[in-house]
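Here are the chains, one letter per residue:
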Amino acid sequence: MNWRTMWSRRAEHWRFRYLPGLVDLLVAASTFQARKHLSEISRRVLVDSSVLGHSITHETAWISTGTKKWGDTDIEGGYAARICVHGHDCDTEVYRNVTYMPGIAHLARKGMLELCTSAELEDEQARQPVGRFRGYGLMDHGLFRDIRMRSVDGFAFSMMGPGWLAKSDSKEEQQIRLAGSDDVLYSALLEKLGPKNNLDAWHIRTAEHHNMFCLLTMDFRLKRLVDANAHKEPFRSLRTRVMTPMDFGRLLGLMPIPPAFFSYHDASWFVRPDLHWPENTRRPRRSYRKRGQD
């Protein structure tokens, strides 16, 4: 083993051991101004599913090392490693919002913010692949991974019974529940947002009824629609806001932190912080299934 290899291994050992702690100190420092501003606002935030989906900043990739001979057979060599979803030079709207999530997550872990969910948000997430919000691969990493979000209004119970008793469709059940609501605010929001956005209208209504500072979302189309109607009722009278992580972070005075800094958090296997997905987006679930079938 030459000195270059020895140095490389020692440096990697130091990254695994010390880098997460140093990054955590940086994130804590990035929230200094925010801690002052939190005394002036409600500290409860309703977190939309879209935020959880984009909070997965690292995923598991297969790193090819080329083809090698095994007797007369050509075998593709390689290893699994954690890589970044976004490149260091990424400048998409999604990436800019993700850089404010570390500070938000830190404030929640320290009890200075309460990140919440709701019955309908949990029902919405339950019928989607769990990996969308927690990661599909063994080495995936999410910024909200260890934050427990309490439901502000309990749970949504099935009206049709389990599938073996009746043909149950959770999405249909949810639509039936919302259609049967006589909530005045929900009806007013629905009138402005349109029937295709009925779930979003309900989430805004939930945030308002439970005194949330904001509905935190990365549904940028919804955000633009709400902003376009901000001068109209019922939006003009709402106490709760519809905000993206970047909106919320800038309001609090958070410093953005590149998600690549978290490459070694909770890592126990190979890490390649120099690599990222070419399109700066999360890998589709079907690609994991294909790898498993190869």
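Our structure's up above, just so we're on the same page.
In this convention, every chain numbers its residues from 1, walking through the sequence in written order. Residues qualify for local features only when their pLDDT is at least 70, as the model is predicted, and side-chain atom pairs are given and counted only at 80 or more; totals for whole chains, interfaces and linings, by contrast, use all residues. Just so you know, side-chain values use all the structure's heavy atoms and leave hydrogens and water out.

### Examining the overall build of the protein
What counts, and what does not: Each helix is a run of H or I in the DSSP string that is no shorter than four residues. Each strand is a run of E no shorter than two, and both are numbered from the N terminus. Each residue's exposure class comes from its accessible area (1.4 Å probe, protein chains only) as a fraction of the maximum for that residue type: buried when under 20%, exposed when over 50%, partly exposed otherwise. Here, two residues are considered to be in contact whenever any of their heavy atoms come within 4.5 Å of each other. Surface accessibility follows the Shrake-Rupley procedure with a 1.4 Å probe radius. Residue values consider only the protein chains on display as shielding.
Helix and strand counts for the protein stand at 13 helices and nine strands. The principal-axis extents of the C-alpha atoms in the protein amount to approximately 70 × 55 × 30 Å. Sorting the 294 residues of the protein into buried and exposed places 46% on the buried side. Partitioning the intrachain contacts of the protein with sequence separation of at least 6 by distance along the chain shows that 79% fall at a separation of at least 24. Roughly 16,400 Å² of accessible area belongs to the protein as shown, and the carbon and sulfur atoms make up 54% of that amount.

### Brief notes about the side chain of R283
Threshold: Residues counted as positive are Lys and Arg, residues counted as negative are Asp and Glu, and His and the chain ends are not counted. Should a side-chain nitrogen of Lys or Arg be within 4 Å of a carboxyl oxygen of Asp or Glu, the pair is scored as a salt bridge. Identification of polar contacts relies on pairs of N or O atoms within 3.5 Å, with a donor-acceptor requirement for protein atoms, meaning one able to donate a hydrogen and the other able to accept it, and with residues adjacent in sequence counted only if both atoms are side-chain atoms.
Here R283 lies in the loop between strand 9 (271-276) and helix 13 (285-293). For the buried R283, no salt bridge exists, and the shortest N-O distance to an oppositely charged side chain is 6.3 Å, to E59. Engagement of the side chain of R283 in a polar contact is seen with the backbone oxygen of T60, the distance being 2.9 Å.

### Notes on helix 5 (residues 101-109)
The buried fraction of helix 5 amounts to eight of the nine residues, a majority that puts the element mostly inside the structure. Within two residues after helix 5, G111 carries a phi angle of roughly 80°, on the positive side.

### So, the environment of E173
Mapped onto the fold, E173 is located in helix 8 (residues 170-179). Since its relative accessible area comes to 4%, E173 is described here as buried. Sequence separation between E173 and A156 is 17 residues, and the spatial gap between their C-alpha atoms is 9.7 Å.

### So, the packing of aromatic side chains
Let me state the cut-off plainly: Only Phe, Tyr and Trp rings are paired, with Trp represented by its six-membered ring, and only when their centres lie within 6.5 Å; those with planes under 30 degrees apart are stacked, over 60 edge-to-face, the remainder tilted. Any Lys NZ or Arg CZ that is within 6 Å of a ring centre and within 35 degrees of that ring's normal is treated as a charge sitting over the ring.
Under the defined criterion, the tally for this structure stands at six aromatic pairs. Judged by centre distance (5.6 Å) and plane angle (85°), the rings of W7 and W14 are edge-to-face. A relative accessible area of 37% means that W14 is categorised as partly exposed. Both rings, one in F16 and one in Y264, keep their centres 5.0 Å apart while their planes meet at 85°; by these two values the pair is edge-to-face. You can see F16 sitting in helix 1 (residues 3-30) and its partner Y264 sitting in the loop between helix 12 (245-252) and strand 9, a full 248 residues away along the chain. A network of ring pairs unites the aromatic residues Y79, W269 and F270 as a single cluster. One Lys or Arg, R205, reaches over the ring of W202 and ends 4.3 Å from the middle of that ring.

### Considerations on unusual backbone geometry
Residues E233 and P234 are joined by a peptide bond in cis, for which omega reads 5°. Inspection of the secondary structure puts P234 in the loop between helix 11 (220-228) and strand 8 (241-243). Of note, N211 is a non-glycine position whose phi angle comes to about 55°, a positive value. Along the polypeptide, N211 turns up in the loop between helix 10 (198-209) and strand 7 (214-216). Of note in the backbone geometry, D266 takes a positive phi value of approximately 55° without being a glycine. Note on placement: D266 falls in the loop between helix 12 and strand 9. Under the relative-accessibility criterion, D266 is labelled exposed at 57%.

Taken by themselves, the reported measurements are silent on function.
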